[in-house]
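# Commentary on secondary and tertiary structure
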Number of protein chains: 2
Amino acid sequence: MARPSLREHLIDAASERFHEYGFNGSGIKDITDAAGAPKGSFYNHFDSKESMAVEVMSRYGETRELGMLADKSVAPMERIRRHFVFLSEDLEQYGYTRGCMFGNFGAELSTQSPTIRDEVGRRLGSWESLLASVLEEARAAGELASGVDAVVLARFLVSAWEGAAMQAKVVRGSAPLDDFFAVFDSMTA
Amino acid sequence: MARPSLREHLIDAASERFHEYGFNGSGIKDITDAAGAPKGSFYNHFDSKESMAVEVMSRYGETRELGMLADKSVAPMERIRRHFVFLSEDLEQYGYTRGCMFGNFGAELSTQSPTIRDEVGRRLGSWESLLASVLEEARAAGELASGVDAVVLARFLVSAWEGAAMQAKVVRGSAPLDDFFAVFDSMTA
């Protein structure tokens, strides 16, 4: 089996570092040090810290298990709930210190980097579209208490989740996520 | 009338800079340059960039008009709505580029600075307590459609608002805030 390349090591190190300390809080040297690589090696593999961040987001996106939302063997509202539970377990694993990388980057970098802003928008937008489809299914199945348009409700739920993930970082605990689930459950008919 | 002191100029400059580029995206020299002051003057007035950020948050908090939430001449749900409209107009004024400073700092700095994390938590917590009181009033007046506990609902609404302010930065438009108002309005009985 091939050894992971230095490029992979750098992406792994940057994923950890960006998620915990943000983009501007992570110097290139922090990343190369964490990967056990000389600082000069960075530019052999990446054009810029920004283009590396786009790859880090792609890697992070693959771990969000959005496929769970397409699994029609689970009833729609329960399917959405399980997906958010999966995301909350991921936050818990790190003691609620990390939040959602998309939300973190959106908050930190939207003014600074059009490239990262577009990538965050594209990724949150895809998630919202999937959620909207499942909310439509839920409505058709008579599972949805709210009369709000499914697309609007999907975008609202993503905002609520992103804000709750941020507040969980601030209070270092699950309370804001528990609040999210309490309100989400009240939307099930 | 006394001239604003250099200290005031530095806080004004830092408020603008932090809100637009974040904490780690704003160097001390960026702040002193914007205030038209020599870099060395910073440490005559502040112990650290972190302690300056706490003052900036205090200044920002004063502009959030939390007093609107205590104005009993306005019916409870309408009072909450007007407060969020006020906040949305503030975001619009800057083309949705800035978001909420508390949410930005919470997302960017919760791992890096316990001082800032505590201050964000204290300020979001005060806001949530005020909102919870108004939601209790709304419930007593029969204005609240949701059966969720007022404290839980207040914290949830702040998460939803913070996430919407972040998404408004990402899409550079009001859509995420419009979604917030659509769902908020559906909570009014």
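Computed from a predicted model, the values in this text were never measured in an experiment.

Attention now moves to the interface of chain A and chain B. On the chain B side, the residues contacting the 38 residues of chain A number 38 residues. Here chain A meets chain B over a buried area of about 3500 Å², counting both sides, of which 63% is carbon and sulfur. Of all residues in chain A, A:Thr111, A:Phe156 and A:Val170 bury the most surface against chain B, accounting for 18% of the area lost on that side. At the junction of chain A with chain B, the criterion picks out two salt bridges. Here A:Arg155 makes a salt bridge to B:Asp179, at a shortest N to O gap of 2.7 Å. The tally of links from chain A across to chain B stands at 16 residue pairs in polar contact (both at pLDDT 80 or more). Broken down by secondary-structure element, the contributors of at least two residues to the side of chain A that touches chain B are helix H1 (6-21), helix H6 (101-109), helix H7 (114-140), helix H8 (150-171) and helix H9 (175-186) of chain A. If you tally residues by element for the side of chain A that touches chain B, the top one is H8(A), at 14 residues.

What follows covers the nonpolar core. Membership of the largest hydrophobic core comes to 122 residues, with the highest contact counts inside it found for A:Phe105, A:Phe180, B:Phe105 and B:Phe180. Non-local contacts of A:Phe105, meaning those with residues more than four positions away in its chain, are made with A:Phe18, A:Phe23, A:Ala53, A:Met57, A:Ser110, A:Ile116 and A:Val120.

Here chain A sits on chain B after a turn of 180° about the axis and a move of 0.0 Å along it, with an RMSD of 0.0 Å. The symmetry that links the two subunits is that of a two-fold axis. A shared interface surface links the copies, since 100% of the contact residues of chain A are contact residues in chain B too.

So, about the packing of helix H5 (residues 76-93) of chain B against helix H9 (residues 175-186) of chain B. Residue and element names in this part refer to chain B. Look at H5 against H9: their axes get within 11 Å of each other, and the N-to-C directions meet at 180°. Judged by the inter-axis angle, H5 sits roughly antiparallel to H9. Residues Met77, Ile80, Arg81, Phe84, Val85, Ser88 and Leu91 of H5 form the contact with H9, whose participating residues are Leu177, Phe180, Phe181, Phe184 and Asp185. For the contact of H5 with H9, the residue count by class is nine nonpolar, one polar and two charged.

On to the domain arrangement of chain A. Residues and elements named next belong to chain A. Taken domain by domain, chain A comprises domain 1 (6-57) and domain 2 (65-186). With centres defined by C-alpha atoms, the gap from domain 1 to domain 2 works out at 27 Å. With 14 residues of domain 1 at the contact, the number on the domain 2 side is 16 residues. Surface buried jointly by domain 1 and domain 2 totals about 1400 Å² across both partners, of which 58% is contributed by carbon and sulfur atoms. Three residues stand out in domain 1 for area buried against domain 2, namely His19, Glu50 and Met57, and they jointly supply 52% of the buried area on that side. Between the two partners, domain 1 and domain 2, sit two salt bridges. The shortest N-O distance in the salt bridge between glutamate 16 and arginine 98 comes to 2.7 Å. At the boundary of domain 1 and domain 2, one finds seven residue pairs in polar contact (both at pLDDT 80 or more). Elements with a contribution of two residues or more to the side of domain 1 that touches domain 2: H1 and helix H4 (49-62). Of the residues in the side of domain 1 that touches domain 2, the class split is six nonpolar, five polar and three charged.

Residues and elements named next belong to chain A. Overall, the coordinates contain 30 salt bridges over all chains when judged by the stated rule. Across the pair lysine 29 and aspartate 33 runs a salt bridge, and its minimum N-O distance is 2.9 Å. Placement of both lysine 29 and aspartate 33 in helix H2 (residues 28-34) is noted, with a separation of four residues, approximately one turn of the helix. Of the residues examined, lysine 29 reaches a relative accessible area of 45% and is grouped as partly exposed. Taking the shortest distance from any N to any O, the salt bridge between arginine 79 and glutamate 137 comes out at 2.8 Å. Residue arginine 79 is located in helix H5 (residues 76-93), and its partner glutamate 137 is located in helix H7; the two are separated by 58 residues in the primary sequence.

The rules behind the values
- Residues numbered from 1 in each chain as written.
- Chains lettered and ligands numbered in written order.
- Predicted model: local features only at pLDDT ≥ 70, side-chain atom pairs only at ≥ 80, totals over all residues.
- Heavy atoms only, no water.
- Contact = heavy atoms within 4.5 Å.
- Buried area = accessible area lost by both parts, 1.4 Å probe.
- Salt bridge = Lys/Arg side-chain N within 4 Å of Asp/Glu carboxyl O.
- Polar contact = N/O pair within 3.5 Å; in protein donor to acceptor, adjacent residues only side chain to side chain.
- Helix = DSSP H or I, 4+ residues; strand = E, 2+ residues; numbered from the N terminus.
- Core = buried A, V, L, I, M, F, W, Y, C linked by side-chain atoms within 4.5 Å.
- Buried < 20%, exposed > 50% of the residue type's maximum accessible area, 1.4 Å probe, protein only.
- Least-squares fit on C-alpha atoms with pLDDT ≥ 70 in both.
- Axes fitted to C-alpha atoms, helices over the stretch in contact; angles between N-to-C directions.
- Parallel < 35°, antiparallel > 145°, perpendicular 65-115°, else oblique.
- Nonpolar A, V, L, I, M, F, W, Y, C, P; charged D, E, K, R; others polar.
- Domains from an automatic or database assignment.

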